[in-house]
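Topology and contacts: notes
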Amino acid sequence: MRNIARCYNEHAIKVTDSYCSGPKNHVYLSPNLIPSIQNVVTCLYKVKLYTEKQFFIKITWCSLLEQGLSISISDYPCSSSKFNKNFKKIDKVKGSKTIECFNSIFNILWDLSSAIYEAGPEPINGFYIKVLVNSEVGLVLGDMEQEIELENSISNVGMARFTLVSRSEHFSGSCIFATKVKFCDSGKCHDILIKCTGDDIFKNSALYVTIDKKNVIQVKRLQWNFRGNQTIFLDGLLIDMMWDAHDWLFNSKSGFAMFMFRTRSGLDSRLWLEEKNLQQKEQEKVGFSLLICASKNPD
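A short tour of the structure in this document, coming up. For every chain, the first residue of the written sequence is number 1, and numbering continues from 1 onward in sequence order. The predicted nature of this model means local features are confined to residues of pLDDT at least 70 and side-chain atom pairs, given and counted, to a pLDDT of 80 or more, with totals for whole chains, interfaces and linings taken over all residues. For side-chain calculations, the full set of non-hydrogen atoms in the structure is used, while hydrogens and water are omitted.

**Structural notes on the overall build of the protein**
Secondary structure elements follow DSSP: runs of H or I of four or more residues count as helices, runs of E of two or more count as strands, with numbering from the N terminus. Counting its regular elements, the protein contains six helices and 20 strands. Within the protein, the fraction of its 299 residues that count as buried is 45%. Only heavy atoms enter the contact rule, under which two residues are in contact if any of them lie within 4.5 Å. By sequence separation, contacts in the protein at least 24 residues apart represent 50% of the contacts at least 6 residues apart. In this description, accessible areas are obtained by the Shrake-Rupley approach with a 1.4 Å probe, and a residue is regarded as covered only by the protein chains that are shown. A total of about 16,300 Å² of accessible surface is found on the protein, and carbon and sulfur atoms cover 51% of it. We call a residue buried when its accessible area falls under 20% of the maximum for its residue type, exposed when it is over 50%, and partly exposed in between, using a 1.4 Å probe and counting protein chains only.

In structure tokens, the structure reads:
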């Protein structure tokens, strides 16, 4: 995403709450339209232990061939090389694994035997994933969360603090991308729907973004405005929405469209950071980002 970030600066268009909460009957998308297929979901969690030591745990759900799960770990600050080094693919629906890295022992326990899925590769219930770091519970996902927290309170096992830092989703197939997301822990879960229209890329091509069935962004002449950004005010947060549809429009066989939603850490923070400080600032920043990557081909 760094190459896209160079394209923009502070000149975002602010969208007010009144704009986001427009007429309820003003929805661009018909419920009969079929959204694209969600193939891959990757969630990045930041874990802070009782000892103040910090780690990043990446959970990836994939359904390109069959339902699958992989887990990778990095210490703070993180890098792609560290994640690749400790990549673990989960082949069984239930079990445990132990990883020794970064002077710590990670015990991973999971149970997907009763997992229930909808359209995507990520289960909605009937599962759990638990990661212990040096016997301290670092990450808990799924239906067993409340039971595990109760067990920890009884046995006095330490419970780390974990936060969802970013979420990325890969879609393929059509021109409609639908997902659900929470931009902050105290906010509600929002329905996001993105639609690209136009039978010909040079005629009537447009981009529409709706949140909770309300239109928030409309971009006409997408063939000329294939890159851009706007700002949405939602749940008391400034959320920058950025899109890059150039390769998706002009290289239909292998091109991708990318859409990013990112919360700002403060009202005065800059939309995009200087490249030399980008990696460091991203890791220090308290916020959340959602990346949607879309291709026209199902594979």
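From this point on, the discussion continues.
**Topic: the sheet that holds strand 13 (residues 176-181)**
Each strand in a sheet pairs with another by means of backbone hydrogen bonds, the pair being arranged parallel or else antiparallel. DSSP bridges decide pairing: two strands pair if at least two such bridges lie between them. Reading across the sheet, the four strands line up as 13-14-15-16 and stay open at both edges, with antiparallel pairing between neighbours. Both outer strands of the open sheet, strand 13 and strand 16 (214-220), are each paired with one neighbouring strand and no more. Neighbour to neighbour, the strand axes of the sheet diverge by 15° on average, direction disregarded. With six bridges joining them, strand 15 (residues 206-211) and strand 16 adopt antiparallel strand pairing. Pairing of Y208 across the sheet is with Q218, part of strand 16. Under this scheme, a helix contributes an axis fitted over its contacting stretch, all axes are lines through C-alpha atoms, and angles between N-to-C directions fall in the 0 to 180 degree range.

**Section: the pairing of strand 3 (residues 54-62)**
For strand 3, the buried fraction is high: seven of the nine residues fall into the buried class. Relative to strand 3, strand 2 (residues 37-48) is paired through nine bridges, and the arrangement is antiparallel. Bridging from a neighbouring strand, V40 pairs with C62 of strand 3. Here strand 2 folds back onto strand 3, and the loop between the two strands holds five residues, one of which, E52, carries a positive phi near 75°. As paired elements, strand 3 and strand 4 (residues 68-75) share eight bridges and run antiparallel to each other. Note that in strand 4 the partner of I57 across the bridge is I73.

**Some points on the pattern of salt bridges**
Salt-bridge detection follows one rule: a side-chain nitrogen of Lys or Arg within 4 Å of a carboxyl oxygen of Asp or Glu. Tallying each qualifying case throughout the model produces nine salt bridges. A salt bridge links K48 to E52; the shortest N-O distance between them is 3.1 Å. Overall, the relative accessible area of 28% leaves K48 in the partly exposed class. Ionic pairing is found between D111 and K94, a salt bridge with its closest N-O pair at 3.8 Å. Of this pair, D111 sits in strand 7 (residues 104-111) while K94 sits in strand 6 (residues 94-101), and the two are 17 residues apart along the sequence. Among the residues examined, K94 registers a relative accessible area of 53% and is labelled exposed.

**Quick look at the sheet that holds strand 11 (residues 136-142)**
If you trace the four strands from one edge of the open sheet to the other, you get 6-7-10-11, paired in antiparallel fashion. Sheet topology places strand 6 and strand 11 at the edges, where each strand pairs with a single neighbour. Put simply, the sheet's adjacent strands are angled 15° from each other on average, direction ignored. As defined by bridge partners, strand 6 adjoins strand 7 across eight bridges and the pair is classed as antiparallel. Pairing of E100 across the sheet is with I105, part of strand 7.

**Notes on the state of the cysteines**
Defined by distance alone, a disulfide is two cysteine sulfur atoms within 2.5 Å. According to the stated counting rule, one finds zero disulfides in the structure shown. Cysteine C175 is unpaired, with the sulfur of C196 as its nearest cysteine sulfur at 6.3 Å. Overall, C175 belongs to the partly exposed group, its relative accessible area being 31%.

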